Amino acid sequence: MFSKSCEYAIKAMIFVAQKSKDELRVGVKEVAKGIDAPEHFIAKILQELGKKKLINSVKGPNGGFYMDKFNLKVSIADIVKAIDGDGLYKDCVLGLKACSEKNPCPVHNEFKEIKRNFIKMIEDNTIGDFNEKLDSGKFFLKNS
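The residue numbers shown here count from 1 along each chain, following its written sequence. Totals for whole chains, interfaces and linings use all residues, but because this is a predicted model, local features are given only for residues with pLDDT of at least 70 and pairs of side-chain atoms are given and counted only at 80 or more. Excluded from the side-chain calculations are hydrogens and water; all other atoms, namely the structure's heavy atoms, are used.

Participant: What's the story with unusual backbone geometry in this structure? I'm lost.
Facilitator: Glycine aside, a negative phi is what most residues show, and trans is what most peptide bonds show. In the Ramachandran plot, Asp 36 falls in the positive-phi region, its phi being about 55 degrees despite a non-glycine side chain. Numbering of helices and strands starts at the N terminus; helices are DSSP runs of H or I of at least 4 residues and strands are runs of E of at least 2. Examined against the element boundaries, Asp 36 turns out to sit in the loop between helix H2 (28-35) and helix H3 (39-51). One non-glycine residue, Lys 53, lies in the positive phi region at around 65 degrees. Within the fold, Lys 53 resides in the loop between H3 and strand S1 (56-58).

Listed below in structure tokens is the structure:
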């Protein structure tokens, strides 16, 4: 459902949020290692998220990325829109340009409810919510 960039962005935001609990700032290398992603790719993604004010950064020797209470309110949908755009909201699941309510593709009507539920889920879940879920010990972010 998401591009690889978007998957990395979501994981990176959650990783930084986890580190920010202790008021730490994390560098690109640590984020990349923590979510098992290419460093140069993560650098570009974090820069983009910073430009869009979804994450904070400080330059310099004691710098790095961090999140405050406002960033923890960022929804997964905010990240998706920042990285992948709004295609999830309007594009056809089969990639057809002319698909619409008046001119549906073969799976349009069946997929409509799935898409609606998926969008609701990403809009209703914030980085802070994910932080709490990870803190519970019942969920994980990294493959073993």
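Participant: Got a minute to help me understand the environment of Gly 64 in this structure?
Facilitator: By the element assignment, Gly 64 lies in strand S2 (residues 64-66). Residue exposure (1.4 Å probe, protein chains only): buried if accessible area is under 20% of the type maximum, exposed if over 50%, otherwise partly exposed. The exposure class of Gly 64 is buried, given its relative accessible area of 9%. Contacts are residue-level and defined by heavy atoms, with any inter-residue pair within 4.5 Å sufficient. Aside from chain neighbours lying at most four places away, what touches Gly 64 is Arg 25, Val 26, Asn 56, Ser 57 and Val 58.

Participant: Got a minute to help me understand helix H7 (residues 127-135) in this structure?
Facilitator: Every α-helix winds through 3.6 residues per turn, so residues three or four apart in the chain are directed the same way. Residues Ile 127, Gly 128, Asn 131 and Leu 134 constitute the buried set of H7. All buried residues of H7 project into a common sector of 120 degrees when viewed along the axis, lining one side. Phi turns positive one or two residues past the end of H7, at Gly 137, with a value near 80 degrees. Directions are taken from the helix axis to each C-beta atom, and the arc is the one they span.

Participant: Mind showing me how you'd approach the side chain of Lys 115 here?
Facilitator: By the element assignment, Lys 115 lies in helix H6 (residues 108-124). Within the buried core, Lys 115 has no salt-bridge partner, and the shortest N-O distance to an opposite charge, that of Asp 91, equals 6.9 Å. Beyond its immediate chain neighbours, meaning those up to four positions away, Lys 115 contacts Leu 88, Tyr 89, Lys 90 and Asp 91. Charge counting follows a simple rule: Lys and Arg are positive, Asp and Glu are negative, and His as well as the terminal groups are ignored. Any carboxyl oxygen of Asp or Glu that lies within 4 Å of a side-chain nitrogen of Lys or Arg is treated as forming a salt bridge with it.

Participant: What is the right way to read the pattern of salt bridges from this model?
Facilitator: Between side chains of opposite charge, a pair can form as their charged atoms come close. Applying the stated rule across the entire model yields 8 salt bridges. The closest approach of N and O atoms between Lys 52 and Glu 48, which form a salt bridge, is 3.1 Å. Given a relative accessible area of 38%, Lys 52 falls into the partly exposed group. The partner of Glu 101 in a salt bridge is Lys 112, with the nearest N and O atoms 3.2 Å apart. One end of the pair, Glu 101, is in the loop between helix H5 (87-90) and H6; the other, Lys 112, is in helix H6, and 11 residues separate them in sequence. Since its relative accessible area comes to 51%, Glu 101 is described here as exposed.

Participant: Mind showing me how you'd approach the nonpolar core here?
Facilitator: If you look at soluble globular proteins, the nonpolar side chains tend to sit buried side by side. Side-chain atoms within 4.5 Å are what join buried Ala, Val, Leu, Ile, Met, Phe, Trp, Tyr and Cys residues into a set we call a nonpolar core. Among the nonpolar cores identified, the biggest contains 35 residues, and Met 13, Val 31, Ile 42, Leu 49, Ile 79 and Ile 127 are the most heavily contacted of them. Those elements giving two or more residues to this core turn out to be helix H1 (4-20), H2, H3, helix H4 (76-84), H6 and H7. Counting residues per element, this core draws most heavily on H1, which supplies 10 residues.

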